[in-house]
Amino acid sequence: MESCLKGAIKDAVLLGYLNKSPLEHFKILTLELEDKKKIQVFEKDEQALLIETARNYASSHDDQRWFLRPYLALNTGMRSGEIAGLQWGDIDFEGKTITVERNVHYAEGDTKGKVKKPKTKASLRTIYLTDTNVSELNKYRLWISEKLLKAKVKISEDTFVLMDNDSGILHRSAARKRWETIVRQAGLTHRGFHALRHTHASNLIDQDLNPKVISVRMGHESISMTMDTYGHLFKKENQLKTEEAL
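Cut-offs used in this document
- Residues numbered from 1 in each chain as written.
- Predicted model: local features only at pLDDT ≥ 70, side-chain atom pairs only at ≥ 80, totals over all residues.
- Heavy atoms only, no water.
- Pairing = 2+ DSSP bridges.
- Helix = DSSP H or I, 4+ residues; strand = E, 2+ residues; numbered from the N terminus.
- Buried < 20%, exposed > 50% of the residue type's maximum accessible area, 1.4 Å probe, protein only.
- Contact = heavy atoms within 4.5 Å.
- Axes fitted to C-alpha atoms, helices over the stretch in contact; angles between N-to-C directions.
- Nonpolar A, V, L, I, M, F, W, Y, C, P; charged D, E, K, R; others polar.

Focus: the sheet that holds strand S5 (residues 125-128)
- Across the sheet, 3 strands lie side by side as S1-S2-S5; this open sheet has antiparallel pairing. Since the sheet does not close on itself, it has two edges, and those belong to strand S1 (91-92) and S5, each with one partner.
- In this structure, S1 lies alongside strand S2 (residues 97-100), joined through 2 bridges in antiparallel fashion. Paired with Ile91 across the strands is Ile98, a residue of S2.

Structure follows, in structure tokens:
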């Protein structure tokens, strides 16, 4: 919000509508630890129900995009914009990896997504996939190939994996509505799509992975960012293991 506001006012100054920016000396407000928004995750049983509901929703609408989107978020930890910017050339089916090279921003509107490079080098990363992940991606590729074939369009390396109905970048509003519908049909308490990324991190912590490995996979700039965000989950997991040992 701060960046958008500063950018708009800066343009107003450049165009001569304002003499100077009233936000020139604006300082970002810092939140105390207790003021930070609590991380929301889906529990194990909720994850299974959510994915099953997404699969059923996609099948009933003959549109596998609405299954693959939450599936990728939950199984890779990719951000919504990173999934929207994913192209087929980013997926190595033999090497079982996804390379995150771009992000989609919607500053100009939900239907006007723009592809940009990630802001940090850490976001440019390689995510390793399981055999099951690769299998799901292959199923989706077969489905979308058949759909595009009817329109006499072939998949290329720079084709978006989750394109919109106009073959362009996925519209944010359409994706958000489908997500909200899936959560509602699953009978779950509403959580934003970003909760899937947090849930993926939680699952990695449950697997007792090294925090550094988790930090790299999530695309964090440093391990301290990972600990700041998910430190309480590490403490919770350690506590549970200690109680089991006792």
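Picking up where we left off.
Things to note about the pairing of S2
- Hairpin connection from S1 to S2: 4 residues lie between these consecutive antiparallel strands, with Lys96 at a positive phi of about 60°.
- Two strands pair when backbone bridges link them, and S2 and S5 are joined in this way by 4 bridges, in the antiparallel orientation. Across the sheet, the residue bridging to Thr99 is Thr126, located in S5.

A few points about the environment of Met227
- Relative to the helices and strands, Met227 resides in helix H9 (residues 223-245).
- Residue Met227 is classed as partly exposed on the basis of its relative accessible area of 34%.
- When near neighbours in sequence (up to four residues on either side) are disregarded, Met227 contacts Pro211 and Phe234.

Considerations on the environment of His232
- By the secondary structure assignment, His232 is in helix H9.
- For the pair formed by His232 and Ile39, sequence separation is 193 residues and the distance between their alpha carbons is 9.5 Å.

Section: unusual backbone geometry
- For Ser167, which is not glycine, the phi dihedral falls at a positive 70°.
- Note on placement: Ser167 falls in the loop between helix H5 (131-150) and helix H6 (172-185).
- Even without glycine at this site, Asp208 takes up a positive phi of about 65°.
- Judged by its relative accessible area of 55%, Asp208 is exposed.

A look at the packing of helix H3 (residues 65-76) against helix H7 (residues 195-206)
- Where H3 meets H7, the closest approach of the two axes is 6 Å, and the angle between their N-to-C directions is 35°. For the pair H3 and H7, the contacting residues are Pro70, Ala73, Leu74, Asn75 and Thr76 in the first and Leu196, Arg197, Thr199, His200 and Asn203 in the second.
- Per-class residue counts for the contact of H3 with H7 are 4 nonpolar, 5 polar and 1 charged.

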